[in-house]
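Overview (structure and organization)
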Amino acid sequence: GLNLEDVPELVRVAFEEKVSPLVRVGDDLAEEFSALAFLGVDASVAPGLDHKSIVEAFELIVGPGNFGGPGTLAVASMITKGLKAVRRGCGYSGLMLPVCEDEGLAKAYSNEKVTLSDFLSYSSVCGVGLDTVPISGDATKEKIAGILMDVVSLAIKWDKPLSCRLLPC
């Protein structure tokens, strides 16, 4: 497996290699059109259903089948550190963990390997908050209010914007 301390640099280099053609185009357009300012690229990782799961990347470090266990928070932090270090990065530039938009995340959540609280703790080091997390369609007002209070508490503590996209199921 990979060493945790190598993750930020590996992420930064891989991302920069993938986006360098876009950066060149952006720079060329900004040079051609003086009214256009090209600031860079949003170095965010947001897995989707048509791509490999982000869980696979985590498990290169925490081990197969261990996503959600010890070390998961540390890996999330190191991936984020690498994304924040991308040259010409702008915008959000972070790790998103959209539960319902990533097959591996959805499977881990439905198998109770990770919980809503786990995803909230991961957001303290990386994310946008709770992103497409399913909750029971008959969740009480009190339960939803409690979730929102937890998100707000972390946002205040870490002085960072966090969102909360809950999906009734």
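Along each chain, residues carry numbers from 1 onward, in the same order as the chain's sequence is written. Residues qualify for local features only when their pLDDT is at least 70, as the model is predicted, and side-chain atom pairs are given and counted only at 80 or more; totals for whole chains, interfaces and linings, by contrast, use all residues. Processing note: side-chain calculations cover all non-hydrogen atoms of the structure and skip hydrogens and water entirely.

Topic: the pattern of salt bridges
Salt bridges are identified by distance alone: a Lys or Arg side-chain nitrogen within 4 Å of an Asp or Glu carboxyl oxygen. One pass over the structure, following the stated rule, counts six salt bridges. Of the charged contacts, one joins Glu9 and Arg12 as a salt bridge, the two residues approaching to 2.5 Å between their closest N and O atoms. Taken together, the residues Glu9 and Arg12, both in helix H1 (residues 7–32) and three residues apart, mark about one turn of the helix. For Glu9, a relative accessible area of 43% translates into the label partly exposed. Note on classification: 1.4 Å probe, protein chains only; a residue is buried when its accessible area is under 20% of the maximum for its type, exposed when over 50%, partly exposed between these limits. In this structure Arg12 comes out as buried when scored by relative accessible area, which is 11%. Residue Arg88 is joined to Asp27 by a salt bridge in which the shortest nitrogen-to-oxygen separation is 2.7 Å. Taken as a pair, Arg88 in the loop between helix H3 (72–84) and strand S2 (89–90) and Asp27 in helix H1 lie far apart in primary sequence, 61 residues in all. Residue Arg88 is classed as partly exposed on the basis of its relative accessible area of 33%. For Asp27, a relative accessible area of 31% gives the class partly exposed. Here a helix means four or more residues in a row that DSSP labels H or I, a strand means two or more in a row labelled E, and each is numbered from the N terminus.

Quick look at the nonpolar core
Residues enter a nonpolar core if they are buried and are Ala, Val, Leu, Ile, Met, Phe, Trp, Tyr or Cys, with the set joined through side-chain atoms within 4.5 Å. Ranked by internal contacts, the top residues of the largest apolar core, which has 39 residues, are Phe58, Leu95, Leu97, Phe119 and Leu130. When contributions to this core are tallied by element, the ones reaching two or more residues are H1, helix H2 (54–62), H3, helix H4 (103–110), helix H5 (116–123), strand S3 (129–135) and helix H6 (141–158).

Topic: the environment of Trp158
Mapped onto the fold, Trp158 is located in helix H6. Taking the C-alpha atoms as reference points, Trp158 and Ser124, 34 residues apart in sequence, are found 7.2 Å from one another.

Examining the packing of H1 against H3
Angles run from 0 to 180 degrees between N-to-C directions of axes, and those axes are lines fitted to C-alpha atoms, restricted for helices to the stretch in contact. Between H1 and H3, the least distance of the axes is 7 Å, while the angle of their chain directions is 45 degrees. If you check the angle between H1 and H3, you find them oblique. In this structure, the crossing between H1 and H3 has a hand that is right-handed. Between H1 and H3, the residues in contact are Val7, Pro8, Val11, Arg12 and Phe15 and Met78, Ile79, Lys81, Gly82 and Leu83, respectively. Gly is placed with the polar residues, together with every amino acid not listed as nonpolar (Ala, Val, Leu, Ile, Met, Phe, Trp, Tyr, Cys and Pro) or charged (Asp, Glu, Lys and Arg). Of the residues assigned to the contact of H1 with H3, the class counts are seven nonpolar, one polar and two charged. Relative orientations are named as follows: roughly parallel for angles under 35 degrees, roughly antiparallel for angles over 145 degrees, roughly perpendicular for angles from 65 to 115 degrees, and oblique for any other angle. Handedness of a crossing is defined here by the sense of rotation of the near helix relative to the far one, left-handed for an anticlockwise turn of less than a right angle and right-handed for a clockwise turn. A contact between two residues is defined here by any heavy atoms of the two lying within 4.5 Å.

Quick look at the pairing of strand S4 (residues 163–168)
When S3 meets S4, the two strands line up parallel, connected through five bridges. The residue of S4 that forms the bridge with Gly129 is Ser163. Here a crossover is taken to be right-handed if, once the strands point away from the viewer, the path from the first strand over the helix to the second is traced clockwise. For the crossover from S3 across H6 to S4, the handedness is right-handed. Paired strands, as defined in this entry, are two strands with at least two bridges between them according to DSSP.

Quick look at H3
Given a helix with a known number of residues, its expected span is that number minus one, times 1.5 Å. An ideal rise of 1.5 Å per residue puts 18 Å on 13 residues; H3 measures up with 18 Å between its terminal C-alpha atoms. Those residues of H3 not exposed but buried are Thr72, Val75, Ala76, Met78, Ile79, Thr80, Gly82 and Leu83. As for H3, its buried residues are in contact with H1, H2 and H5.

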